[in-house]
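Structural characterization, general
Take a look at the letters that make up each chain.
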Amino acid sequence: MMRKLVPSTSPYASIIGFSRAVRVGNHISVGGTAPLGADGKTVGSGDPAAQARQCLEIIKAALEQAGASLRDVVRTRFLLTRIDDWPAVARVHGEYFKNIRPASTVLEVSGFIDKEWLIEIEVDAVVAER
């Protein structure tokens, strides 16, 4: 099967050696996506909802580059540094996935590479035959 890599614009991608997304066949995995703007700086400092929205916009663009859309998402994972942020993040999840209803997990983690990040999001998608 062909392996398609969707590059990350994260300043950490070349150091760590990762892609934003990888598509193999009809399966796409989008790795931990941080709330970074085009300038490489954190978007929505201190605001978990704004950070979640930024992460999901990056994920949406990566899925499109891989030939998919949010409709193809079958699983989401939200990693939070403060579990008390889950209601704000859940509302944003609902904005994007209310009618798609992927399996979803919310986890609390001790931290990320950048201390400003309150969240990272991962998704898995399966592209159906169209």
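Details of the structure are given in the entry above.
For clarity, every value in this text was computed on a predicted model and none was experimentally measured. (Residues numbered from 1 in each chain as written. Predicted model: local features only at pLDDT ≥ 70, side-chain atom pairs only at ≥ 80, totals over all residues. Heavy atoms only, no water.)

**Focus on the packing of aromatic side chains**
What counts here: In this scheme Phe, Tyr and Trp rings, the latter by its six-membered ring, pair at centre separations within 6.5 Å, and the angle between planes marks the pair as stacked below 30 degrees, edge-to-face above 60, and tilted otherwise. Every helix listed is a DSSP run of H or I at least four residues long, and every strand listed is a run of E at least two residues long, numbered separately from the N terminus. Each residue is placed in one exposure class: buried if its accessible area under a 1.4 Å probe, protein chains only, is under 20% of its type's maximum, exposed if it is over 50%, and partly exposed if it falls in between.
Taken as a whole and assessed by the stated rule, the structure comprises two aromatic pairs. A ring pair is formed by Y12 and W117, whose centres lie 5.9 Å apart and whose planes are at 90°; its orientation type is edge-to-face. Pair noted here: Y12 is in the loop between β1 (3-7) and α1 (13-16) and W117 is in the loop between β5 (103-108) and β6 (119-126), with a separation of 105 residues, a long-range link. Of the residues examined, Y12 reaches a relative accessible area of 24% and is grouped as partly exposed. Exposure remark for W117: the relative accessible area of 3% places this residue in the buried category. When the ring of F112 is compared with that of W117, the centres are 6.5 Å apart and the planes differ by 50°; the resulting orientation is tilted. Like W117, F112 is buried. In this structure an aromatic cluster arises from ring pairing among Y12, F112 and W117.

**Details of helix α2 (residues 48-65)**
This is how the line gets drawn: Expected helix span is taken as 1.5 Å per residue step, with the number of steps being one fewer than the number of residues. By definition, the arc is the one covered by directions from the helix axis to the C-beta atoms. Contacts are assigned to residue pairs that have any heavy atoms within 4.5 Å of one another. Whenever two N or O atoms come within 3.5 Å, that pair is a polar contact, provided that in protein one can donate a hydrogen and the other can accept it, and provided that, for residues adjacent in sequence, both atoms are side-chain atoms.
Taking 1.5 Å of rise per residue, the 18 residues of α2 would be expected to cover 26 Å, and the 26 Å separating its terminal C-alpha atoms lies within 8% of that figure. Residues of α2 that are buried include every one of P48, A49, Q51, A52, C55, L56, I59, A62 and L63, and no others. When α2 is viewed along its axis, its buried side chains cluster within an angular range of 155° and face the same direction. Against β1, β2 (19-24), β3 (27-33), β4 (73-80), α3 (86-97) and β6 lie the buried residues of α2. Its side-chain oxygen at 3.1 Å from the backbone nitrogen of A49, D47 defines the N-terminal cap of α2.

**Points about the nonpolar core**
For soluble globular proteins, the rule of thumb is that nonpolar side chains tend to be buried together. Definition in use: Throughout, nonpolar core names a set of buried Ala, Val, Leu, Ile, Met, Phe, Trp, Tyr and Cys residues whose side chains join them through atoms within 4.5 Å.
With 27 residues, the main nonpolar core has I28, L56, L63, I119 and I121 as its most contacted residues. Elements with a contribution of two residues or more to this core: β3, α2, β4, α3 and β6. When residues of this core are assigned to their parent elements, the largest contribution, seven residues, is made by α2. Membership of the second largest hydrophobic core comes to five residues, among which are A34, L36, L79 and W117.

**Quick notes on the pattern of salt bridges**
Close approach of charged atoms lets side chains of opposite charge pair. Just so we agree on the cut-off: Only one rule defines a salt bridge in this text: a Lys or Arg side-chain nitrogen within 4 Å of an Asp or Glu carboxyl oxygen.
This structure, assessed with the given rule, holds four salt bridges. Across the salt bridge formed by E95 and R53, the nearest N and O atoms sit 2.9 Å from each other. Note that E95 is positioned in helix α3 and R53 in helix α2, a separation of 42 residues in sequence. Residue D124 pairs with R77 through a salt bridge whose shortest N-O separation is 2.9 Å. Taken as a pair, D124 in strand β6 and R77 in strand β4 lie far apart in primary sequence, 47 residues in all. Through salt bridges with shared partners, a single ionic network connects R77, E122 and D124.

**Things to note about unusual backbone geometry**
One non-glycine residue, R101, adopts positive backbone phi at about 55°. Secondary-structure assignment places R101 in the loop between α3 and β5. Of the residues examined, R101 reaches a relative accessible area of 68% and is grouped as exposed.

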